[in-house]
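One-letter residues, chain by chain:
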Amino acid sequence: REARYVGGYRGLPTLEVLRTSSPTEVVSFLAPWSGARDFGLFVQLASEGGREQRVAVVAISNGARVMIYDLRPFLRQEARPLTAALANFLGDEQRTFYGFGLLRPAAQFAKEFNVSMKSVDMRVRAWP
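What this report covers is the structure whose coordinates are included nearby. (Residues numbered from 1 in each chain as written. Predicted model: local features only at pLDDT ≥ 70, side-chain atom pairs only at ≥ 80, totals over all residues. Heavy atoms only, no water.)

1. Comments concerning the sheet that holds strand β4 (residues 54-62)
Here seven strands make up an open sheet; going across it, the order is β1-β2-β5-β4-β3-β6-β7 and the pairing mixed. Looking at which strands have only one partner, the edges of the open sheet turn out to be β1 (4-6) and β7 (119-121). Along the sheet, successive strands turn relative to each other by an average axial angle of 25°, direction set aside. Summarising the sheet, β1 and strand β2 (residues 15-20) pair through three bridges and their orientation is antiparallel. (Pairing = 2+ DSSP bridges. Helix = DSSP H or I, 4+ residues; strand = E, 2+ residues; numbered from the N terminus. Axes fitted to C-alpha atoms, helices over the stretch in contact; angles between N-to-C directions.)

Here's what the structure looks like:
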């Protein structure tokens, strides 16, 4: 799947957006961010069939690039495809992820995927 481009509005840049469930596409989209350190992060939790909530959607942004990794097709599976590249990317201590309401999702990543990330929950505090 190719990234889509969403036109900028009122002086904002055009966004390059990739929405995918493919671990292979995740790897190739992350590659240009190898030197970047600060990212926006949105995580949606969901439950399926009365089970406890799990990570369903992960959106990571830096500049005008946004990757949306959709794990919903895999909610019913016990083992889910969080690529090693994404796990390493999120767990890299040199990277900081900023967003609103990240405390619970960060704990869920640790529980579900054994990934500990450095994050700043903007609801709790504004600076690391």
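2. A few points about the packing of helix α1 (residues 23-30) against helix α2 (residues 84-91)
Contact geometry of α1 with α2 gives a least axis separation of 8 Å together with a crossing angle of 45°. The orientation of α1 relative to α2 falls into the category oblique. Counted together, Val26, Val27 and Leu30 of α1 and Ala85, Leu86 and Phe89 of α2 form the full contact between these two elements. For the contact of α1 with α2, the per-class residue count stands at six nonpolar, no polar and no charged. (Parallel < 35°, antiparallel > 145°, perpendicular 65-115°, else oblique. Contact = heavy atoms within 4.5 Å. Nonpolar A, V, L, I, M, F, W, Y, C, P; charged D, E, K, R; others polar.)

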